[in-house]
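# Understanding the architecture of this molecule
One letter stands for each residue in the lines below.
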Amino acid sequence: MRRHSALLAFSVVALSTFAAVPTTVQAQSVLPNVITDAERPRVRAVEVTEPIEVDGWLTESVWRGQALGGFIQAEPREGDPATEETEVWVAYDGANLYIAAYLHDSQEPIVNDIRKDFGESTQDVFQVILDTFRDRRNGYVFLTNAEGARGDRQVANEGREINASWDAIWRVETQKVQDGWTLEMEIPFRALRFEPGSDAWGINFGRTLRRNNEASYWAPIPRAYTFNRLSLAGDLEGLPSTSPGRDLRVKPFVLGGTVRETGGTDFERQNEVGIDVKYRLTEGLTLDVTANPDFAQVEADQQRVNLTQFSQFFQEKREFFLENSGLFYVGDAARNLRIRLTPTPDEDLLLFHSRSIGISDDGRAVPIRAGTRVTGQAAGLVIGALWMRTDEFGGAPGNDYAVVRVRKNVLRGSDIGGIVLLRDAVGDESSYNRVFGGDAYIRFPGEIDWSTYVVGSESPAFDDGQYAWRTSINREGNFHHLKFGAMELGEGFTNDLGFFKRTGVRKWFADWGIRPRPESFRRFGVREIHPHITWNLYDDLDGRIRAKRLHSGVTFFLETGGNIQLAMDKSTERIDAPFTIDSRVDAIPVGRHDWESWVLSGSTNSSRVLSFNYRLTQGGLWTGQQKAFSGGFTFRPSYQFRTTMSVSHTDIDLKQPIAEFTKTFWTSRTNYSFNKDMFIDALVQFDPATNRLNSNVRFNLIHSPLSDLFVVWNEQRFETGEGIIPGRSLTVKFTKMFAF
């Protein structure tokens, strides 16, 4: 206890000291977090008078006009001019918006990936965001690197919702020149949604210079926020009076394959056909229809060590469910750290978790027969509606699933809304679940926001306690961050379309920290110090403690982009029923369990040829002690090849039950990009406790825009010497998109 108190005291003293004398560090924002329309930078699009050949060479006469420049740093030195000059031009014709850029650079640009929707944190990037409705909230992001890789996504509510699976048909080409690199983007108007006849959009441009870990923008943004902060974007004027068109896309697929279950003797053939249709209903609404969807190309889940009494949370990976998934999210906004793109859900209650549709509890695919989705804006409302029907599986009937989400934008950057989630068993009126409620997100002056929701549920298994609520206050600034709040789940709350850990519980939580940047630390390669404290307390509804966790630590963010953290965790859990953390040992007994542990974690510069990440844990665990290591390395000799080897290893010594054992998982990932449209990925996982070896190899060829050929190999074998026949499958899937 004295050791934890020492680290806690150090964190509090550090917080208090830096808060009391912020003049000794680069702490306060030198850029405004609110601007008026008169203060926005402006650019006027130029109509082209000659055909533009999108080849990356800036030879057309339109690119000889006055360029935009003057990019301003958000990182590392907010408010300073960017260390390298960037010139940007904007033009248009009757069908397309064109963007050209000259990214001057005194050194060779860093490129580490060329595949679609590449990882942008490890390389030099140029990006543009278009606020086509000019509502200062929502937009489309297009980005590329020096090798012309393509990335795109939708942004809603200034990054509270990210649709990274959104795909548009657009082109980009780049060229390397003596003092940097150049690019040309061609973005068809039909790929976007906007009001017909509108001649002005919101716009911003961003550049990442990875060797300096530098982010700079044309319309300046404080470092506390991300590129998605559209309320600070500039204006694009002089656009033509045009319409986005109807944008009808039809994408059928055919699939063939063969599969043998582990321990089986015969292969079974698989043959499937299906179709996806996307249609623009109005300028603001899009309809998606899918029939007999298949997700054979989705990467397998990565195995992880689980030492808790709860089921593990796995992120959604299926493309249909990922697209526009942010519209259905209810909860806090993400902390605006640049290292995290999407909101991190509160796993104590995620109201809509799409993995509950079409995936069984043991991870097997449940057949989905059909589904529809409507998303977008209409009558001043943001709308999301989803319906899916699953087939019978494992002796259980099929189900109809439905989600309806409506939100109304109010005030500056605020909104109110509601959500309804339904599950009905097909042919069984006694099996159903309903969840319904409302939420609000209010942004106050001074970087403060309030997020809250209240929902009720209906299920034949319960009569009372069918409710849940959550509320929190958050302040996110350059120097301070603070969040505190509470949530409660009634004893009878059920949600068959969500994810939650326990009911009959009330949670109190707080998260406090500061981010000083002492100039004296820069000589040691430290950009920012982050002393922080997080606290979670769980009571039952009678006020008795169920669990608590106090985390206090200090993180050092390095100039290279790496980080080091030293932390101490103090945990309490009250167990009402015994459970096992490993099938080889007896159950953890009921009662209250208290322990504390030290954690040392960090990562090195991920843009280097060789990079590392690590996490060391030592201390208590349940009724005994643990020593754990997780981490690995990534070897990236070129932007075409990358391999990662990682391990998660824990030695556990329990007093009740008396047991010593080890839990380990080995994971290997290898990726090779033949070019910007052809890739192969391999994931291999090994569990020494069961001698189980899982392999997942995926080949992907983008043979035409938004059209793919997938070849997927899966194998599961047990290296036990018992002669268990391996399970194997080979799947070939071909898709072709037709645009009208």
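Criteria and cut-off values
- Residues numbered from 1 in each chain as written.
- Predicted model: local features only at pLDDT ≥ 70, side-chain atom pairs only at ≥ 80, totals over all residues.
- Heavy atoms only, no water.
- Helix = DSSP H or I, 4+ residues; strand = E, 2+ residues; numbered from the N terminus.
- Rg over C-alpha atoms; globule rule 2.2 N^0.38 Å.
- Buried < 20%, exposed > 50% of the residue type's maximum accessible area, 1.4 Å probe, protein only.
- Contact = heavy atoms within 4.5 Å.
- Areas by Shrake-Rupley, 256 points an atom, 1.4 Å probe, with all protein chains shown as cover.
- Lys, Arg positive; Asp, Glu negative; His and termini not counted.
- Charge placed at Lys NZ, Arg CZ, Asp CG, Glu CD.
- Core = buried A, V, L, I, M, F, W, Y, C linked by side-chain atoms within 4.5 Å.
- Patch = residues over 30% accessible without salt bridge, like charges linked within 9 Å, V, L, I, M, F, W, Y side chains within 5 Å.
- Salt bridge = Lys/Arg side-chain N within 4 Å of Asp/Glu carboxyl O.
- 1 Å grid on protein atoms, 1.4 Å probe; cavity = no way out; pocket = protein on both sides within 12 Å on 5 of 7 lines; lining within 4 Å.
- Points joined across faces, edges and corners; volume = space filled by probe spheres on them.
- Nonpolar A, V, L, I, M, F, W, Y, C, P; charged D, E, K, R; others polar.
- Phe/Tyr/Trp six-rings, centres within 6.5 Å; stacked < 30°, edge-to-face > 60°.
- Pairing = 2+ DSSP bridges.

Right, let's talk about the overall build of the protein for a bit. When helices and strands are tallied, the protein shows two helices and 41 strands. For 740 residues, the compact-globule formula gives about 27 Å, and the C-alpha radius of gyration of the protein, at 26 Å, lands near that figure. Dimensions of the protein, computed from the C-alpha atoms along their principal axes, are close to 80 × 65 × 50 Å. Out of the 740 residues belonging to the protein, those deemed buried represent 53%. If you take every contact in the protein between residues at least 6 apart in sequence, the share linking residues at least 24 apart comes to 60%. Of the accessible surface of the protein, which amounts to about 31,700 Å², a share of 55% is contributed by carbon and sulfur atoms. Each charge sign in the protein was given a centre, from 84 positive and 97 negative side chains, and these centres are 3 Å apart.

Here the focus is the nonpolar core. Of all hydrophobic cores here, the largest spans 57 residues; its most connected members are Leu97, Phe126, Phe142 and Phe205. With five residues, the single largest contributor to this core is strand β6 (residues 125–131). Leu327, Leu351, Phe352 and Leu489 belong to the second largest nonpolar core, which has 25 residues in total.

Moving on, we come to a nonpolar patch on the surface. Together, Val609, Leu610, Phe612, Phe633, Phe635, Met645 and Trp666 make up a nonpolar patch on the protein surface, roughly 600 Å² of accessible area in all. Contributions of two or more residues to the nonpolar patch are made by β33 (610–621) and β34 (624–635). Residue class for Phe633 comes out partly exposed when judged on its relative accessible area of 33%.

Considering all chains together, one arrives at nine cavities of 30 Å³ or more under this definition. Taken as a whole, the largest cavity spans an internal volume of roughly 280 Å³. Contributing to the lining of the largest cavity are 21 residues, with Asn138, Gln154, Val155, Ala156 and Arg193 lying nearest its centre. Of all the secondary structure elements, the ones that give two or more residues to the lining of the largest cavity are β7 (139–144), β8 (151–156), β9 (161–163) and β19 (368–378). Its residues placed into classes, the lining of the largest cavity shows seven nonpolar, ten polar and four charged. If you add up the space inside the second largest cavity, you get close to 170 Å³. Residue lining of the second largest cavity: 16 residues in total, with Trp166, Arg193, Asp247, Lys278 and Thr286 positioned closest to the centre.

Here the focus is unusual backbone geometry. Residue Pro76 is reached from Glu75 by a cis peptide bond, and omega for that bond is -5 degrees. By the secondary structure assignment, Pro76 is in the loop between β3 (72–75) and β4 (86–92). Its identity as a non-glycine residue notwithstanding, Asn157 has a phi of 50 degrees, on the positive side. In this fold, Asn157 is placed in the loop between β8 and β9.

Between two aromatic rings, the relevant description is the distance of the centres plus the angle of the planes. Applying the stated criterion across every chain yields a total of 18 aromatic pairs. When the ring of Phe205 is compared with that of Trp218, the centres are 5.6 Å apart and the planes differ by 65 degrees; the resulting orientation is edge-to-face. Here the residue Phe205 occupies a position in strand β12 (residues 200–209), and Trp218 occupies one in the loop between β13 (214–217) and β14 (234–237), the gap between them amounting to 13 residues. Among the residues examined, Phe205 registers a relative accessible area of 0% and is labelled buried. Geometrically, the ring pair formed by Phe493 and Phe500 is edge-to-face, given 5.7 Å between the ring centres and 65 degrees between the ring planes.

In this structure, strand β16 (residues 268–280) lies alongside strand β17 (residues 285–291), joined through six bridges in antiparallel fashion. Within β17, the residue paired with Lys278 across the bridge is Asp288. Remark: four residues form the turn of the hairpin made by β16 and β17, two consecutive strands paired antiparallel. Sheet analysis places β17 next to β19, joined by seven bridges and oriented antiparallel. Across the sheet, the residue bridging to Leu285 is Gly376, located in β19.

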